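Residue-level structure breakdown
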Amino acid sequence: MLLINTRPSDRAAGLTQQLQAAQVSVLELPLLELHAMPYSDELSSLYQQLEQAQIIVVVSPTAAQIGMQYLQQAGVALSTLAQVHWVAVGKATEQALASYGIHSHVPEVETSEGMLQLPVLKQLASGSGVAFWRGEGGRQFMMDHLRASNIKVLNFILYRRQCPETTATILAKNLGLLKTQQRFAVLITSEASWLNWLALMQDDAEFMQHVCYLVLGPRLATILGEYQQQHQASFQFVEIDDLDANTILQKMRLILGNA
């Protein structure tokens, strides 16, 4: 079995090693890289309002790292946020926050929909404040949902996301080998990753049809389903609830057998 691991380079290694230990071939092809946004007057103003928030949602380990760096730069002591509930999108983000001594709520499904099912968010009173430590373009669905429930959103855009320049080169070097594979899996964990994959595949539309996609969460599955219908595409995809190596291995065996 072969998987294309599209996670950012700094997050791909653990999953790759676990899958390789289970005799899965892995090609690392990062579809996103993250770059910190410069500290700005706008961010400074948001940090001064942070004590008014009931919840801080942290969407990635990168958001945790940059968010804490800028918190210090803003002159806001972590101790002043003792009343705040922290929400982490997944286990890696939970661990990143724990390194700062912060306990966080983590959803069973590592998606926006999963976070919205957490009691701490479902029971939030109208008029409450939620801060988002996030990247440019991420978690729009979740913020819109909360705004519709009369929740005040503090929107911290801490980094931007782009497709690494080296990714096209990596793909070009391996495309011949991939085309000899009858079927293989590609991990897609965000809409931004999916759009970058489509851009890479624009000259290989036929090749795309032989790929089996592992997609994180129901909203991303819906996006791929809509793409299938609109383009009469015949590729296969299966939804996953988390990025645990055992989950991915189980789904790969389901859709690929022992190929």
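Residues numbered from 1 in each chain as written. Predicted model: local features only at pLDDT ≥ 70, side-chain atom pairs only at ≥ 80, totals over all residues. Heavy atoms only, no water.

**Thoughts on the overall build of the protein**
Going by this rule: Per the convention used, a helix needs a DSSP run of H or I reaching at least four residues, while a strand needs a run of E reaching at least two, with both numbered from the N terminus. Here the radius of gyration uses the C-alpha set of atoms, whereas the globule reference equals 2.2 Å times the residue count to the power 0.38. Exposure categories follow from relative accessible area, calculated using a 1.4 Å probe and restricted to protein chains: below 20% of the type maximum is buried, above 50% is exposed, and the middle band is partly exposed. Working rule for contacts: check all heavy atoms of both residues, and any pair within 4.5 Å makes them a contact. In short, Shrake-Rupley with a 1.4 Å probe defines the accessible areas, and a residue's cover is counted only from the protein chains shown. Here the positive residues are Lys and Arg and the negative ones are Asp and Glu; neither His nor the chain ends is included. Charge positions are represented by NZ for Lys, CZ for Arg, CG for Asp and CD for Glu.
Per the secondary structure count, the protein includes 12 helices and 11 strands. A globule of 259 residues ought to have a C-alpha radius of gyration of about 18 Å, and the protein, at 19 Å, matches this closely. Taken over the C-alpha atoms alone, the protein extends approximately 55 × 35 × 30 Å along its principal axes. A burial count over the protein gives 50% of its 259 residues as buried. Considering only residue pairs separated by 6 or more positions, the protein has 70% of its internal contacts joining residues 24 or more positions apart. Summed over all atoms, the accessible surface of the protein reaches about 12500 Å², with 46% contributed by carbon and sulfur. Both charge centroids of the protein, one from 16 positive and one from 22 negative side chains, sit 2 Å from each other.

**Regarding the pattern of salt bridges**
Just so we agree on the cut-off: Salt bridges are defined by distance alone: a side-chain nitrogen of Lys or Arg within 4 Å of a carboxyl oxygen of Asp or Glu.
One pass over the full model with this rule turns up four salt bridges. A salt bridge links Asp 204 to Lys 179, with the nearest nitrogen and oxygen atoms 3.0 Å apart. Here Asp 204, found in the loop between helix H9 (191–200) and helix H10 (205–208), pairs with Lys 179, found in helix H8 (residues 165–179); they are 25 residues apart in sequence, far enough to count as distant. With relative accessibility at 17%, the residue Asp 204 sits in the buried group. Several salt bridges share partner residues, and in doing so they unite Glu 113, Glu 191 and Arg 219 into one network.

**Examining the sheet that holds strand S5 (residues 85–88)**
Condition: Two strands are said to pair when DSSP picks up at least two bridges between them. For every element, the axis is a line fit to its C-alpha atoms; helices are fit only across the contacting stretch, and the angle between N-to-C directions ranges from 0 to 180 degrees.
Judged by pairing direction, the sheet is mixed, and its six strands sit side by side in the order S3-S8-S7-S4-S5-S6 without closing on themselves. The two strands at the open ends of the sheet, each matched to only one other strand, are strand S3 (33–36) and strand S6 (104–105). Note: S5 against S6, two bridges, orientation parallel. Each residue of the ladder has a partner; that of Trp 86, found in S6, is Ser 104. Across the sheet, helix H4 (residues 91–98) is in contact with strand S4 (55–58), S5 and S6; its angle to S5 comes to roughly 140°.

**Examining the pairing of S4**
Our working rule: Crossovers are marked right-handed if the path from the first strand over the helix to the second runs clockwise, as seen with the strands pointing away from the viewer.
Across the two faces of S4 the burial is the same, with Ile 55 and Val 57 and Ile 56 and Val 58 all buried. In this sheet, S5 lies alongside S4 in parallel orientation, the contact comprising four bridges. Paired with Val 57 across the bridge in S5 is Val 87. Between the parallel elements S4 and S5, the chain passes through helix H3 (residues 61–73) in a crossover that is right-handed. Alignment of S4 against strand S7 (residues 129–135), held across four bridges, turns out to be parallel. Within S7, the position partnered with Val 58 by the bridge is Trp 133.

**What to know about the packing of H9 against helix H11 (residues 218–231)**
Where we set the bar: To sort the angles, those under 35 degrees are grouped as roughly parallel, those over 145 as roughly antiparallel, those from 65 to 115 as roughly perpendicular, and the leftovers as oblique.
Relative to each other, H9 and H11 sit at 30°, their axes nearing to 10 Å. Here H9 lies roughly parallel to H11, going by the angle between them. Of H11, the residues touching H9 (which contributes Glu 191, Trp 194 and Leu 198) are Arg 219, Leu 220, Ile 223, Leu 224 and Tyr 227.

**Quick notes on the sheet that holds strand S1 (residues 2–5)**
In space, the five strands of this open sheet follow the order S2-S1-S9-S10-S11, with parallel pairing throughout. If you trace the sheet from one side to the other, it starts and ends with strand S2 (25–28) and strand S11 (236–240), each paired once. Within this sheet the neighbouring strands show an average axis-to-axis angle of 25°, counted without direction. Each of S1, strand S9 (184–188) and strand S10 (211–216) is contacted by H9, which is oriented at about 130° to S9, the strand it contacts most. Packed onto the sheet, helix H12 (residues 245–256) meets S1, S9, S10 and S11 and runs at close to 155° relative to S11.

**Concerning the layout of surface pockets**
Keep this limit in mind: Note on definitions: the grid is 1 Å and covers protein atoms alone; a cavity is a set of points where a 1.4 Å probe fits but cannot get out; a pocket is an open set with protein on both sides within 12 Å along at least five of seven lines; lining residues have an atom within 4 Å of a point. Grid points are joined across faces, edges and corners, and a volume is the space filled by probe spheres set on the points. The nonpolar class holds Ala, Val, Leu, Ile, Met, Phe, Trp, Tyr, Cys and Pro. Asp, Glu, Lys and Arg form the charged class, and all remaining residues, Gly among them, are polar.
In this structure, the largest pocket spans a volume of roughly 1100 Å³. In terms of lining, the largest pocket is formed by 43 residues, of which the most central are Arg 7, Arg 11, Glu 110, Leu 216 and Leu 243. Broken down by element, the residue count for the lining of the largest pocket peaks at five residues, all from helix H1 (residues 9–21). Here the residues of the lining of the largest pocket sort into 16 nonpolar, 15 polar and 12 charged.

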